[in-house]
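# A look at the structure
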Amino acid sequence: MDMQDDKIKALLSGTKIKAGENLTYRIMRQIEAEQALVRKKATNSRPVINNMITIFGVMYLLIAIAGLIVYFSAGKEALESMKFFAPVILIASACGIFWSISTFDDRRRSKHKS
């Protein structure tokens, strides 16, 4: 079987048309140009996880600050009241909405660029 394959390859190798020097040069330039564009697209996109860590990190920092303010102004019992839960719910909602909008916007921009 291998001998037949070798014979067929030898017969067909004589029928191949060689590309000219100019054509080879243009194809190589086209490949290099496409690779350069692909690299630029990859560097422009922001990772979603970095965006998420930043937004939720700020959210937890704000909740901690609100907890400290409530604790030092009204005591430990106030941490279990609406005096603490109302700002926490507001902060968590605002950060969640902001994260959703920024994720949607990143996806929209990436689809628009490609």
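Everything discussed here concerns the structure shown above.
Residues numbered from 1 in each chain as written. Predicted model: local features only at pLDDT ≥ 70, side-chain atom pairs only at ≥ 80, totals over all residues. Heavy atoms only, no water.

## Quick notes on the overall build of the protein
The secondary structure content of the protein amounts to 4 helices and 0 strands. When the helices and strands of the protein are read in sequence order from the N terminus, they spell out α-α-α-α. By the burial criterion, 14% of the 114 residues in the protein qualify as buried. Within the protein, contacts between residues at least 6 apart in sequence are counted, and of these 62% link residues at least 24 apart. On the protein, roughly 9900 Å² of surface is accessible, and the fraction owed to carbon and sulfur atoms is 67%. (Helix = DSSP H or I, 4+ residues; strand = E, 2+ residues; numbered from the N terminus. Buried < 20%, exposed > 50% of the residue type's maximum accessible area, 1.4 Å probe, protein only. Contact = heavy atoms within 4.5 Å. Areas by Shrake-Rupley, 256 points an atom, 1.4 Å probe, with all protein chains shown as cover.)

## Let's talk about a nonpolar patch on the surface
Taken together, the side chains of Val58, Leu61, Leu62, Ile65 and Ile69 make up a nonpolar region of the molecular surface, amounting to roughly 440 Å² of accessible area. Mapping Val58 onto the fold places it in helix H3 (residues 48–74). (Patch = residues over 30% accessible without salt bridge, like charges linked within 9 Å, V, L, I, M, F, W, Y side chains within 5 Å. Salt bridge = Lys/Arg side-chain N within 4 Å of Asp/Glu carboxyl O.)

## Regarding the packing of aromatic side chains
On inspection of all chains with the given rule, the structure shows 3 aromatic pairs. Ring geometry for Phe84 versus Phe85: centroids 5.9 Å apart, planes at 55 degrees, classification tilted. The exposure class of Phe84 is buried, given its relative accessible area of 13%. (Phe/Tyr/Trp six-rings, centres within 6.5 Å; stacked < 30°, edge-to-face > 60°.)

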